[in-house]
Amino acid sequence: MDLNSASTVVLQVLTQATSQDTAVLKPAEEQLKQWETQPGFYSVLLNIFTNHSLDINVRWLAVLYFKHGIDRYWRRVAPHALSEEEKSTLRAGLITNFNEPINQIATQIAVLIAKVARLDCPRQWPELIPTLIESVKVQDDLRQHRALLTFYHVTKTLASKRLAADRKLFYDLASGIYTFACSLWNHHTDTFLQQVSSGNEVAVLSSLERTLLSLKVLRKLTVNGFVEPHKNMEVMGFLHGIFERLKQFLECSRNIGTDNVCRDRLEKTIILFTKVLLDFLDQHPFSFTPLIQRSLEFSVSYVFTEVGEGVTFERFIVQCMNLIKMIVKNYAYKPSKNFEDSSPETLEAHKIKMAFFTYPTLTEICRRLVSHYFLLTEEELTMWEEDPEGFTVEETGGDSWKYSLRPCTEVLFIDIFHEYNQTLTPVLLEMMQTLQGPTNVEDMNALLIKDAVYNAVGLAAYELFDSVDFDQWFKNQLLPELQVIHNRYKPLRRRVIWLIGQWISVKFKSDLRPMLYEAICNLLQDQDLVVRIETATTLKLTVDDFEFRTDQFLPYLETMFTLLFQLLQQVTECDTKMHVLHVLSCVIERVNMQIRPYVGCLVQYLPLLWKQSEEHNMLRCAILTTLIHLVQGLGADSKNLYPFLLPVIQLSTDVSQPPHVYLLEDGLELWLVTLENSPCITPELLRVFQNMSALLELSSENLRTCFKIINSYIFLSSTEFLQTYAVGLCQSFCELLKEITTEGQVQVLKVVENALKVNPVLGPQMFQPILPCVFRGIIEGERYPVVMSTYLGVMGRVLLQNASFFSSLLNEMAHKFNQEMDQLLGNMIEMWVDRMDNITQPERRKLSALALLSLLPSDNSVIQDKFCGIINISVEGLHDVMTEDPETRTYKDCMLMSHLEEPKVTEDEEPLTEQDKRKKMLALKDPVHMVSLQQFVYEKLKAQQEVLGEQGFQSLMETVDTEIVTQLQEFLQGF
């Protein structure tokens, strides 16, 4: 592409590509795509985006196309790679001038230079760093800033490389430029501190911007540029100097307004200082050891004393707390139980920590956390009143929650209390003692202090296990507080029920649960919405607990379920509805069938909620989970939900519908439990299976559930299901078997095996295309035992339950193998006998014995030739299934089922589903459970004797090992 002639054309097409008119835009984009691989195209783009007289949008687009080209065509091995000559020209052009006037374009240019540096610096681009260093020294403000911006992006990109050779190059670079980077940062920092009192906001902002960029460079060099940074005096000097600089910058905040760009940049710089320390501690914990004392002194003084008053801000406090927490929790600073096994570095760090965290210091931190940081703020109380649902979402972990102060203080409290519980337990117990009895509702400060202390007791529940008699405290103090109904007492009602939820799995007598359930029923009727939502949360923790007893809960079930449903209707936020639905689901899951009398209102409401939640897929996931537990609780009665339930399953499992991305997993689970609890097939339930073909093509992690669903349809209505879907299903299975894992093959074959078991006439016909593959697998001796076992299970069903189909299959395979049928049958029996040990399931082992015995009586010489093997398998099967009656000294087949017994279900056991009942009915028709192997062996041997005569039969028996014959005779005593 000739530069001079092409520039005009490319400029014109780029201009068209910025158009809002798609008729103009699309052809332009196509043309630019074609030019991507043309030599000279990127040189033209460079000329266009460095020409400041052109339209900004056109230049912006040129930069983006250039950046895209680096990603795709800069590497030497890339298809259509740029020539070395053009790359050399481009590299030189990129660093000729750092004078881009538009900030956004300047940032993009800095990023694309960094992308090239990642691939070419320093080997193909040795002049980049020296050029940047010279450019950041110039007096021109614009050029200096742009060069510094590029310097930062290049450093950041090179620091991110992880290969050993690249790390070595970056270490060399850091060593070479660290002194300069430090002096550059100090220069800009001093300039800013001098200008901050001048009142010249433009100059202050300019110098602050340079301070921030140069500090970003230093952060990357300090954290990533040295193997043993503690041995470098400049690195440690910079890190030690951070604390003084932080003090200076925090003091500057007094002179800068709270609502302007300078303030924002200042706070970003202060936070960046703390990030340097946190990153360095994370990457180099032992190099950080000399900084532990200073870091703790600085952080504790600004966060827990009056030093920080008037200068700190929330994000800074969070960072300081994170620094304390990381030092307290750091694994590198924790000695082994046997001190002598610890490294000197660990012991030194531990010594510094212990010297700092004295009793007075820990006590003050604990008291300040509880009495200052745990207090509900005016802002939070206002939010409670004006947006109660928003308040509960924030409290339980909304999007901004993890970045806010409250969770950070709570996590710091938990970590410090865990680390120093022997020191802090008496402190917290003393705070509890001062708060005995009710609190004056007029004293809001006292109420908030008690709320904060109760919060601490809840957070430290596991640590306080041996120190608090929670059962007595619950009866004497907490329960009476829940009964104070004054509006001002609502923070404490909410906190107390939360506190009980924290202790429920730690230390709470089972006998006290009815009292708690009574309190929960009352609180679910509280006038305050936040209290009701918190109560629902504690109810969930209670029913989820290991010691939950249904008999204690049932007297309160109707009231609780009704009140929870009312709460679900009342709340409006998606997150809150999800939460309440989750509580309802847990209750339904725990009481199971006992829920049936009370679910009518919920069943009527869920279709409306589903319709309202069309734009909220996560809420729909919660509805699906509730439906799963509801169907399990309703059992066969769940068929009344089908008008709503089946369209929900249809939508959730339709991969052509966008919501399936969110709903598929829960939708499949709902589909499965619906089938398991269905009393009979319906046309609508059968029609849902149309979604399955596309699901099998996905071959996703949900495949196992899909196979369970297919099996459920077979158990539910094999004839209708197989006649409708078997052809398509068989095609899907044939495709799957080509590419699926061994486990997947077994799952496919188990479906076929179940179909043959349930419907021995239709099953083999419908899955006929798969059976030759099974036969071949047996003949060729499939190497995976679990697959071979399943092959033999499938073939055993065909041979035993549909002999005529087996005969036609044998004929078909004889043609394919170009062998005689008898010869092929002999090979199959031989392999079956040889691989019998691959079968581990007793049912399948008995099936194999029955199947091979079904070939008798026979005058076929091949079968008689394999008679010994058939008898061996039969005796093995008898050993598997025969149990001796100690009184009568006779043997009995333990797999026989004479009639269907409904077993009594204990409280801890799941009640039988409709599918469980179907399986039991099926077992009553299954030869494995209906035919005595002992009787079958006897009858087949007797029939064989009749065919061959006494002498011929005796000759046949002589082919069997005498020990096996003895065992056989022992099993057949009495016949």
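Source: prediction; values computed, not measured. (Residues numbered from 1 in each chain as written. Predicted model: local features only at pLDDT ≥ 70, side-chain atom pairs only at ≥ 80, totals over all residues. Heavy atoms only, no water.)

**Focus: unusual backbone geometry**
Omega for the bond connecting cysteine 121 with proline 122 falls within 30 degrees of zero, at 5°, which places this linkage in the cis form. Checked against the element boundaries, proline 122 lands in the loop between helix H6 (103-120) and helix H7 (128-135). A positive phi angle, near 50°, is found at asparagine 592, a position not held by glycine. For asparagine 592, the location among the structural elements is in the loop between helix H27 (574-591) and helix H28 (600-612). (Helix = DSSP H or I, 4+ residues; strand = E, 2+ residues; numbered from the N terminus.)

**Observations concerning the environment of glutamate 970**
Relative to the helices and strands, glutamate 970 is located in helix H47 (residues 962-971). Taking the C-alpha atoms as reference, glutamate 970 lies 9.8 Å from threonine 890; in sequence the two are 80 residues apart.

**Overview of the packing of helix H10 (residues 201-224) against helix H12 (residues 261-283)**
When two helices pack together, their arrangement is given by the angle between the helix axes and the distance between those axes. Where H10 meets H12, the axes come as close as 10 Å, and the angle between the chain directions of the two elements is 10°. With respect to each other, H10 and H12 are oriented roughly parallel. Of the residues in the contact of H10 with H12, the class split is 13 nonpolar, four polar and eight charged. (Axes fitted to C-alpha atoms, helices over the stretch in contact; angles between N-to-C directions. Parallel < 35°, antiparallel > 145°, perpendicular 65-115°, else oblique. Nonpolar A, V, L, I, M, F, W, Y, C, P; charged D, E, K, R; others polar.)

**Quick notes on the UniProt feature "domain: Importin N-terminal" (unreviewed entry) in the protein**
Those places that UniProt annotates as "domain: Importin N-terminal" (unreviewed entry) correspond, in this numbering, to residues 28-100. Helix makes up 63% of residues 28-100 and strand makes up 0%, while its end C-alpha atoms are separated by 26 Å. (UniProt positions renumbered as here; feature names shortened; annotations may be inferred.)

**Observations concerning the pattern of salt bridges**
Applying the stated criterion across every chain, the model contains 42 salt bridges. In this structure, aspartate 190 and arginine 245 form a salt bridge, with 3.0 Å as the shortest nitrogen-oxygen distance. Of this pair, aspartate 190 sits in helix H9 (residues 164-195) while arginine 245 sits in helix H11 (residues 233-252); the two residues are 55 residues apart in sequence, bridging distant segments of the chain. Looking at aspartate 190, the relative accessible area reads 33%, which means it is partly exposed. Residue classification places arginine 245 among the buried residues on the basis of a relative accessible area of 11%. (Salt bridge = Lys/Arg side-chain N within 4 Å of Asp/Glu carboxyl O. Buried < 20%, exposed > 50% of the residue type's maximum accessible area, 1.4 Å probe, protein only.)

**Focus: a negative patch on the surface**
A surface patch of negative charge is lined by Glu386, Asp387, Glu573 and Asp575. Here aspartate 387 is to be found in the loop between helix H17 (378-386) and helix H18 (388-395). (Patch = residues over 30% accessible without salt bridge, like charges linked within 9 Å, V, L, I, M, F, W, Y side chains within 5 Å. Areas by Shrake-Rupley, 256 points an atom, 1.4 Å probe, with all protein chains shown as cover. Lys, Arg positive; Asp, Glu negative; His and termini not counted. Charge placed at Lys NZ, Arg CZ, Asp CG, Glu CD.)

**Description of the environment of leucine 291**
Looking at the secondary structure, you find leucine 291 in helix H13 (residues 289-304). On the basis of relative accessibility, which here comes to 0%, the residue leucine 291 falls in the buried class. Note: C-alpha distance between leucine 291 and methionine 236 (55 residues apart in sequence) is 8.8 Å. Residues contacting leucine 291, with those up to four places away along its chain left out, are Met236, Leu239, His240, Phe243 and Phe280. (Contact = heavy atoms within 4.5 Å.)

**Quick look at helix H30 (residues 642-652)**
Where H30 is concerned, the buried positions are Tyr642, Phe644, Leu645, Leu646, Val648, Ile649 and Ser652. Packed against the buried residues of H30 are H28, helix H29 (617-634), helix H31 (660-676) and helix H32 (683-687).

**Notes on the packing of helix H34 (residues 703-739) against helix H35 (residues 742-758)**
Contact geometry of H34 with H35 gives a least axis separation of 10 Å together with a crossing angle of 140°. Judged by the angle between their axes, H34 and H35 are oblique. The chirality of how H34 crosses H35 is left-handed. Only Glu743, Gly744, Gln745, Gln747, Val748, Lys750, Val751, Val752, Asn754, Ala755 and Val758 of H35 make contact with H34, whose side of the interface consists of Arg704, Phe707, Ile710, Asn711, Ile714, Phe715, Ser718, Leu722, Phe733, Leu736 and Leu737. Split by residue class, the contact of H34 with H35 holds 13 nonpolar, six polar and three charged. (Left-handed = near helix turned anticlockwise from the far one by under 90°.)

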